[in-house]
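Examination of the molecular architecture
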Amino acid sequence: MAVKDEIEDRLTAAFHPSVLTVVNESHRHAGHAGDDGSGESHFHITIRAEAFREMTRVARHRAVQAALGDLNSRVHAIGLDVG
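Quick look at the structure, then.

Reading the values: the criteria
Residues numbered from 1 in each chain as written. Predicted model: local features only at pLDDT ≥ 70, side-chain atom pairs only at ≥ 80, totals over all residues. Heavy atoms only, no water. Buried < 20%, exposed > 50% of the residue type's maximum accessible area, 1.4 Å probe, protein only. Helix = DSSP H or I, 4+ residues; strand = E, 2+ residues; numbered from the N terminus. Pairing = 2+ DSSP bridges. Polar contact = N/O pair within 3.5 Å; in protein donor to acceptor, adjacent residues only side chain to side chain. Contact = heavy atoms within 4.5 Å. Salt bridge = Lys/Arg side-chain N within 4 Å of Asp/Glu carboxyl O.

Moving on, we come to the pairing of strand 2 (residues 42–48). Remember that side chains alternate between the two faces of the sheet whenever the strand is regular. The buried fraction of strand 2 is high, at five of seven residues. Sheet analysis places strand 2 next to strand 3 (residues 77–82), joined by six bridges and oriented parallel. Across the sheet, residue H44 finds its bridge partner in strand 3, namely G79.

This is how it looks when you write it as structure tokens:
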């Protein structure tokens, strides 16, 4: 399964988001540190979910990182826009 699909599956299961966009930005980092040549090293996630309403910004980011689990160590960079 592609990393993008794993990200989408995990975040959908954890938060049932109203908005979820996962963009693979690996091509913008070709040759940079962390580029492993897989084409799946850098992602940007935009997510909106009711579950985040009462959380602080830091708590939202921690919740997303927790839901991603081992993907945090398999992917070099994950940008987040959480609301």
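Here S26 shows up in the loop between strand 1 (19–24) and strand 2. Residue S26 is classed as buried on the basis of its relative accessible area of 5%. Within the local environment of S26, its side chain forms a polar contact with the side chain of N24, the two groups lying 2.7 Å apart. Of the polar contacts made by the side chain of S26, one reaches the backbone nitrogen of H42; its length is 3.0 Å. Setting aside residues no more than four positions away along its own chain, S26 makes contact with G39, E40, S41 and H42.

Pairing between side chains of opposite charge can happen when their charged atoms approach one another. One pass over the full model with this rule turns up seven salt bridges. Between E8 and K4 there is a salt bridge, with its nearest N and O atoms 2.8 Å apart. One end of the pair is E8 and the other is K4, both in helix 1 (residues 3–15) and four residues apart, which spans about a single turn. One salt-bridge network, in which partners are shared between bridges, spans E6, R10, D70 and R74.

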